[in-house]
Amino acid sequence: AGEIIGLQGVFWDITAKKAAEQALQDSHYALEQYETLQRDAHELTALHRGTTLFFASLPTSNSAADLGEQIIQVITREFSTVRCRMFVLDEMSGELVRWDRLHTETFGGSDLVASSIHEKQTVYFPHMPVETGMGQCSRLIIPLKSNGNAIGALDLSSPKPNAFSERDLQFLEAFAERASAVLEN
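Quick notes on the rules
- Here the residue numbers are simple positions, counted from 1 along each chain's written sequence.
- Since the coordinates come from a predicted model, pLDDT governs what is reported: local features require at least 70, and pairs of side-chain atoms require 80 or more to be given and counted, while whole-chain, interface and lining totals use all residues.
- Based on all heavy atoms of the structure, the side-chain values leave hydrogens and waters out of the count.
- A helix here means a DSSP run of H or I that spans at least four residues, while a strand means a run of E at least two residues long, and both kinds are numbered starting from the N terminus.
- To sort residues, take the accessible area from a 1.4 Å probe on protein chains only and compare it with the maximum for the residue type: under 20% means buried, over 50% means exposed, and anything in between is partly exposed.
- Residues are treated as being in contact if the distance between any of their heavy atoms lies within 4.5 Å.
- Where accessible areas are quoted, they stem from the Shrake-Rupley method and a 1.4 Å probe; at the residue level, only the protein chains shown are allowed to cover.
- Grid points spaced at 1 Å and placed over the protein atoms alone form the basis of the search, with a cavity being a set where a 1.4 Å probe fits but cannot get out and a pocket an open set showing protein on both sides within 12 Å along at least five of seven lines. Lining residues have an atom within 4 Å of a point.
- Grid points are joined across faces, edges and corners, and a volume is the space filled by probe spheres set on the points.
- Residues are grouped as follows: Ala, Val, Leu, Ile, Met, Phe, Trp, Tyr, Cys and Pro are nonpolar; Asp, Glu, Lys and Arg are charged; all remaining types, including Gly, are polar.
- Nonpolar cores were defined as sets of buried Ala, Val, Leu, Ile, Met, Phe, Trp, Tyr and Cys residues, with membership established by side-chain atoms within 4.5 Å.
- A pair of strands is labelled paired if DSSP reports no fewer than 2 bridges between them.
- Multiplying one less than the number of residues by 1.5 Å gives the expected span of a helix.
- Stacked, tilted and edge-to-face are the three classes applied to pairs of Phe, Tyr and Trp rings, where Trp contributes its six-membered ring and a pair requires centres within 6.5 Å; stacked means planes under 30 degrees apart, edge-to-face means over 60, and tilted covers the rest.

### Notes on the overall build of the protein
Phase 1: In terms of helices and strands, the protein carries four helices and six strands.
Phase 2: If you list the helices and strands of the protein from N to C, you get α-α-β-β-β-α-β-β-β-α.
Phase 3: Classification of the 185 residues of the protein by burial places 37% in the buried group.
Phase 4: Of all intrachain contacts in the protein linking residues separated by at least 6 positions in sequence, the fraction that spans at least 24 positions is 54%.
Phase 5: When the accessible surface of the protein is totalled, it reaches about 11,800 Å², and 55% of it is carbon and sulfur.

Structural data, given as structure tokens:
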């Protein structure tokens, strides 16, 4: 009495379970890669479409103001809920000038635009108080740079908070780079 007379054990082969877990993990990784490729393809398509629209209209442009208007049209086509303005630095006076077909005027306002140009940095406010008088919730200012110098800025605003994603910022900065090159020439 009280003696151990034997042991009994149960063994499970978990090889199939481990293989299934690995397959699931691999499929999640493949799905993430697929989604990343889809986003990249969408971004490249949008950049190509915007650049194509912009460059296709260049031969008909007779003035820098027309170029400014075309830049604005491309952006508002890609981002339908966005208001876009473009400013350039007047080389003689150093003043900011609002530049498009409808308006070419000296612009003494926005410290944000001037700061973006001076710092040569994109400025993004994903949620601005509507009390700013501009009726906007998101604001994005992208400097137009040529040969290391800021020559102006694109000023985009939207009534929606967080209107611009990281991908939107990348697209708009790449487009601004191309537009700057055309404006400088």
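Don't stop here, the text continues.
### What to know about the layout of surface pockets
Phase 1: The computed volume of the largest pocket comes to approximately 250 Å³.
Phase 2: Lining the largest pocket are Val88, Leu89, Glu91, Trp99, Ser146, Asn147, Asn149, Ala150, Ile151, Leu183 and Glu184.
Phase 3: With three residues, the single largest contributor to the lining of the largest pocket is strand 6 (residues 149-158).
Phase 4: Classifying every residue of the lining of the largest pocket by side-chain character gives six nonpolar, three polar and two charged.
Phase 5: Reported here for the second largest pocket is a volume of approximately 180 Å³.
Phase 6: Taken together, Arg39, His42, Glu43, Ala46, Arg49, Glu78, Phe79, Ser165, Arg167, Asp168 and Phe171 make up the lining of the second largest pocket.
Phase 7: Of all elements in the fold, only helix 1 (15-56) and helix 4 (166-184) reach the threshold of two or more residues within the lining of the second largest pocket.
Phase 8: When residues in the lining of the second largest pocket are grouped by element, the largest group, five residues, is from helix 1.
Phase 9: Class assignment for the residues of the lining of the second largest pocket results in three nonpolar, two polar and six charged.

### A look at the nonpolar core
Phase 1: Grouped together as the largest cluster of nonpolar side chains are 31 residues, with contacts concentrated most on Ile71, Ile75, Met86, Leu154, Leu156, Leu172 and Leu183.
Phase 2: Sorting the residues of this core by element identifies helix 1, helix 2 (64-78), strand 1 (83-89), strand 2 (96-99), strand 5 (138-146), strand 6 and helix 4 as the ones contributing at least two each.
Phase 3: Among the elements that make up this core, the one with the highest residue count is helix 4 (nine residues).
Phase 4: In this structure Leu154 touches Ile71, Ile75, Cys84, Arg85, Met86, Leu140, Ile141, Ile142, Leu144 and Ala176, once residues within four positions along its chain are discounted.
Phase 5: Among the nonpolar cores identified, the runner-up in size contains eight residues, and Phe87, Ile117, Ile141 and Ala153 belong to it.

### Details of the pairing of strand 6
Phase 1: Here strand 6 lies mainly inside the structure; nine of its ten residues are buried.
Phase 2: Where strand 1 meets strand 6, six bridges bridge the pair, whose relative direction is antiparallel. Paired with Arg85 across the strands is Asp155, a residue of strand 6.
Phase 3: One ladder, built from nine bridges, connects strand 5 with strand 6; its direction is antiparallel. Paired with Leu144 across the bridge in strand 6 is Gly152.
Phase 4: Joining the antiparallel neighbours strand 5 and strand 6 is a turn of two residues, in which Asn147 adopts a positive phi near 50°.

### Description of helix 4
Phase 1: Here helix 4 contains 19 residues, and its C-alpha end-to-end distance of 27 Å stays within 8% of the 27 Å for a straight helix at 1.5 Å per residue.
Phase 2: What helix 4 keeps buried is the set Asp168, Leu169, Phe171, Leu172, Ala174, Phe175, Ala176, Ala179, Ser180, Val182 and Leu183.

### Digging into unusual backbone geometry
Phase 1: Phi is positive for Lys120, which is not a glycine, with a value near 55°.
Phase 2: Within the secondary structure layout, Lys120 lies in the loop between helix 3 (111-119) and strand 4 (123-125).

### Topic: the packing of aromatic side chains
Phase 1: Tallied over the entire structure, the rule returns four aromatic pairs.
Phase 2: Taking the centre distance of 5.7 Å and the plane angle of 50° together, the rings of Phe79 and Phe171 count as tilted. Taken as a pair, Phe79 in the loop between helix 2 and strand 1 and Phe171 in helix 4 lie far apart in primary sequence, 92 residues in all. Across this residue pair, the class does not change: Phe79 and Phe171 are buried.
Phase 3: A ring pair is formed by Tyr124 and Phe164, whose centres lie 5.8 Å apart and whose planes are at 80°; its orientation type is edge-to-face. Of this pair, Tyr124 sits in strand 4 while Phe164 sits in the loop between strand 6 and helix 4; the two residues are 40 residues apart in sequence, bridging distant segments of the chain.

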